[in-house]
Amino acid sequence: MDSSDLSTLSMLDLAKHLYPIPRSLTGEGINLSFKIFQAIHPEFKTLSFATGAEVFDWVIPPVWNVKNAYIEHESGQRFCEFSVNNLHLVGYSEPVDTVIDKEGLLKFLHSRNDLPDAIPYVTSYYSRRWGFCISHRQLLDLPEGKYRCFVDSSFAAGSLNLIEAILPGESTEEVFFSSYLCHPSMANNELSGPVLLSAILTHLKQMNNRRYTYRFVLLPETIGSIAYLSRRLDILKGSVVAGFNLSCVGDERRYTHLLSRKGNSLADQALSVALLGRQNVVTKSFAHRGSDERQYNSPGIDLPVCGFSRSKYGDYPEYHTSLDNFDVVTEIGLHQSFEVMKDIVDAFELGLFPITKVLCEPQLGKRGLYRDLSECVASSTDERLVDDLSIRMDALVYSDGETNLFALAKAAACSLRKILSEVQLLCDHGLMESSGKPFLN
């Protein structure tokens, strides 16, 4: 499939295209996956880190590749074939070719008795061992006898790679998007974040004049973000005003806002109001961290990055198993996640600091912006009628050039999408103007 065909794929179809590729922290699978995103977005450039190099307190691991792996019973029946499902092999398994009995084999098998039909995802990146993953139901049915355990894998010097794209704007201040691309065939945990990131990048590329600069990275989780920060920290600390780590964004079950470590960053403000009015919204403290937001919020790093998920990693039963498939990830789920991020991007691009241009309340009626019949509306301190007019009036009174759109939406008790439409309407009528004043000095 050439780049023109790839660029026309929906988020769901792109995820399905990537799904069979066997990925890990390094090696042919993740590099091929990077090339697919680079074919869609030539703006993505590769950053490489040599194996054995120190990145802060970590060391870049050797490059791992797999040609084949399986378990074969003495009858000739095969189990845990890597070519059938790449989750069957423990990640970073060392090469082995040995014959053992069933009792010995069980020590090298991993299963989930709580999910008897699922193949679990297991890795051993930094300790040399080998092993296989199998559904618990199949494990219980393994026949007695001898088994050949075969892993044709290799470790080599080379590089760990990641890709970075920068879309420049009028301001050098940046909005940052990060996701990871290092797991084998799992749809929500692995592929939903990257395809959403790609869709956001496409949306921004369609804008001729961007206010802000946007930075995108796809990388292997944990070691990749640590390596990236080791090379880009000074730039990021001097430019990023808001960042979002995208993970598990493809299902329809809920929305999850994982707060930044400080809990009140501009990214937190943005995501909280972008989710207003949506069903099943969960806000979790940084104590529930688990992805690359751990690195971006580390003391001394302190980037304003929060996490966005639908069903957060670890919070849905299919997580880290073969059941994390396209029964979990849907086109609707992905599109709803895109709408959330699009609203945030559009807020930055509209101008985060609107200012009302008239003194006192403007005469909205002559502009067709006010109901032409006065009526009494019941209200109380506990419940407020939030309609177009009340939001419109709040937009006017709070737009002082110092209150950003996210705080404005919160004050008006409405979604970010709604405040954007009202501010745009008022700007179109000459009652307000938008401003993109800098956050960083």
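As shown above, the structure is provided for reference.
Bear in mind the structure is a predicted one, so any value in this text is a computation, not a measurement.

> Would you mind showing me how to read the sheet that holds strand β14 (residues 255–258) here?
Each strand in a sheet pairs with its neighbour through backbone hydrogen bonds, running either in the same direction (parallel) or in the opposite one (antiparallel). Taken in spatial order, the eight strands line up as β1-β10-β12-β11-β13-β16-β14-β15 in an open sheet, and their pairing is mixed. Each edge of the open sheet carries a strand with a single partner, namely β1 (45–50) and β15 (281–284). Strand-to-strand twist in this sheet, taken as the mean axis angle between neighbours without regard to direction, amounts to 20°. For strand β11 (residues 174–180) and strand β12 (residues 213–219), the ladder comprises seven bridges, and the chain directions are parallel. Paired with phenylalanine 176 across the bridge in β12 is arginine 215.

> Help me understand the packing of helix α6 (residues 187–205) against helix α10 (residues 331–350) in this model?
For any two helices packed against each other, the geometry comes down to the angle between their axes and how far apart the axes lie. Here α6 crosses α10 at 45°, and the two axes come no closer than 10 Å. With respect to α10, the axis of α6 lies oblique. Like other packed secondary-structure pairs, α6 and α10 cross with a definite hand, here right-handed. Packed against α6, whose contacting residues are Ser192, Val195, Leu196, Ala199, Ile200, His203 and Leu204, the element α10 presents Leu334, Ser337, Phe338, Met341, Lys342, Val345 and Asp346 at the interface. Residues that form the contact of α6 with α10 fall into these classes: nine nonpolar, three polar and two charged.

> What is the right way to read the nonpolar core from this model?
Generally speaking, a soluble globular protein has its nonpolar side chains buried in company with each other. Of all hydrophobic cores here, the largest spans 132 residues; its most connected members are Phe177, Phe216, Phe244, Met341, Phe348 and Ile419. In this structure, Tyr180, Leu258, Tyr313 and Tyr316 belong to the second largest nonpolar core, which totals five residues.

> Is there a simple way to think about the sheet that holds strand β5 (residues 78–79) in this case?
The strand order β5-β4-β9-β6 describes an open sheet built from four strands, whose pairing is antiparallel. Each having just a single partner strand, β5 and β6 (96–101) make up the two edges of the open sheet. Bridging between β6 and strand β9 (residues 146–156) involves six bridges; their strand directions are antiparallel. Each residue of the ladder has a partner; that of threonine 98, found in β9, is cysteine 149.

> So what exactly am I meant to see when it comes to helix α13 (residues 416–428) here?
The periodicity of an α-helix, 3.6 residues per turn, causes residues three or four places apart in sequence to face the same way. Taking 1.5 Å per residue, 13 residues should reach 18 Å; α13 reaches 18 Å between its end C-alpha atoms and fits that length. Here α13 has its buried residues at Leu416, Ile419, Leu420, Glu422, Val423, Leu426 and Cys427. Backbone geometry just downstream of α13 places glycine 430 in the positive-phi region, at approximately 75°.

> Looking at this structure, how should I read the pattern of salt bridges?
As a working rule, side chains carrying opposite charge can pair if their charged atoms are close by. Enumeration according to the criterion identifies 18 salt bridges in this entry. The salt bridge involving arginine 261 is made with aspartate 302; its shortest N-O contact spans 2.1 Å. Of this pair, arginine 261 sits in the loop between β14 and α8 (266–274) while aspartate 302 sits in the loop between α9 (293–296) and β16 (305–309), placing them 41 residues apart in sequence. Judged by its relative accessible area of 31%, aspartate 302 falls in the partly exposed class. Here aspartate 346 makes a salt bridge to lysine 342, at a shortest N to O gap of 2.7 Å. You can see aspartate 346 and its partner lysine 342 sitting in helix α10, four residues apart, about one turn around the helix.

> Explain the packing of aromatic side chains here, please?
Two measures describe an aromatic ring pair: the distance that separates the ring centres and the angle between the ring planes. A full pass over the atoms with the stated rule returns 17 aromatic pairs. Judged by centre distance (5.2 Å) and plane angle (25°), the ring pair of tryptophan 64 and tyrosine 92 falls under stacked. With tryptophan 64 in strand β4 (residues 63–73) and tyrosine 92 in the loop between β5 and β6, this residue pair connects regions lying 28 residues apart in the sequence. Among the aromatic residues, those joined into a cluster by ring pairs are Trp58, Trp64, Tyr92, Tyr125, Tyr126 and Phe155. Its end group placed over the ring of phenylalanine 49, arginine 231 keeps NZ or CZ at 4.1 Å from the ring centre. Over the ring of tyrosine 255 we find arginine 310, and its NZ or CZ is 3.8 Å from the ring centre.

> Before we go on, may I ask you to explain the environment of glycine 158 in this structure?
The topology assignment puts glycine 158 in the loop between β9 and β10 (159–167). The sequence separation of glycine 158 and valine 63 amounts to 95 residues, and the corresponding C-alpha distance is 6.0 Å.

Parameters and conventions
Note on numbering: residues in each chain are counted from 1, in written sequence order. It should be noted that, the model being predicted, local features are given only for residues of pLDDT at least 70 and side-chain atom pairs only at 80 or more, the latter also being counted only at that level, while totals for whole chains, interfaces and linings use all residues. Where side-chain values are given, they derive from all heavy atoms of the structure, hydrogens and water being excluded. When DSSP finds two or more bridges between two strands, those strands count as paired. Put simply, DSSP marks the helices as runs of H or I at least four residues long and the strands as runs of E at least two long, and each gets a number from the N terminus on. Think of each axis as a best-fit line through the C-alpha atoms, taken over the contacting stretch in the case of a helix, with angles from 0 to 180 degrees between the N-to-C directions. Every angle not falling under 35 degrees, over 145, or within 65 to 115 is termed oblique; those three ranges are roughly parallel, roughly antiparallel and roughly perpendicular. Crossings are sorted by hand: turned counterclockwise from the far helix by less than a right angle, the near helix makes the crossing left-handed, and turned clockwise it makes it right-handed. Only heavy atoms matter for contacts: two residues are in contact if any of them lie within 4.5 Å across the pair. Each residue is assigned to one class: nonpolar for Ala, Val, Leu, Ile, Met, Phe, Trp, Tyr, Cys and Pro, charged for Asp, Glu, Lys and Arg, and polar for all the others, Gly among them. As used here, the term nonpolar core means buried Ala, Val, Leu, Ile, Met, Phe, Trp, Tyr and Cys residues forming a set that is joined through side-chain atoms within 4.5 Å. Categorising residues by exposure relies on relative accessible area from a 1.4 Å probe, with only protein chains included: less than 20% of the type maximum marks a residue as buried, more than 50% marks it as exposed, and the intermediate range marks it as partly exposed. Expected helix span is taken as 1.5 Å per residue step, with the number of steps being one fewer than the number of residues. Only one rule defines a salt bridge in this text: a Lys or Arg side-chain nitrogen within 4 Å of an Asp or Glu carboxyl oxygen. The criterion for an aromatic pair is that two Phe, Tyr or Trp rings (for Trp, the six-membered ring) have centres within 6.5 Å, with stacked assigned to planes under 30 degrees apart, edge-to-face to planes over 60 apart and tilted to the rest. Ring-over charges, as used throughout, are those where CZ of Arg or NZ of Lys falls within 6 Å of the ring centre and within 35 degrees of the ring normal.

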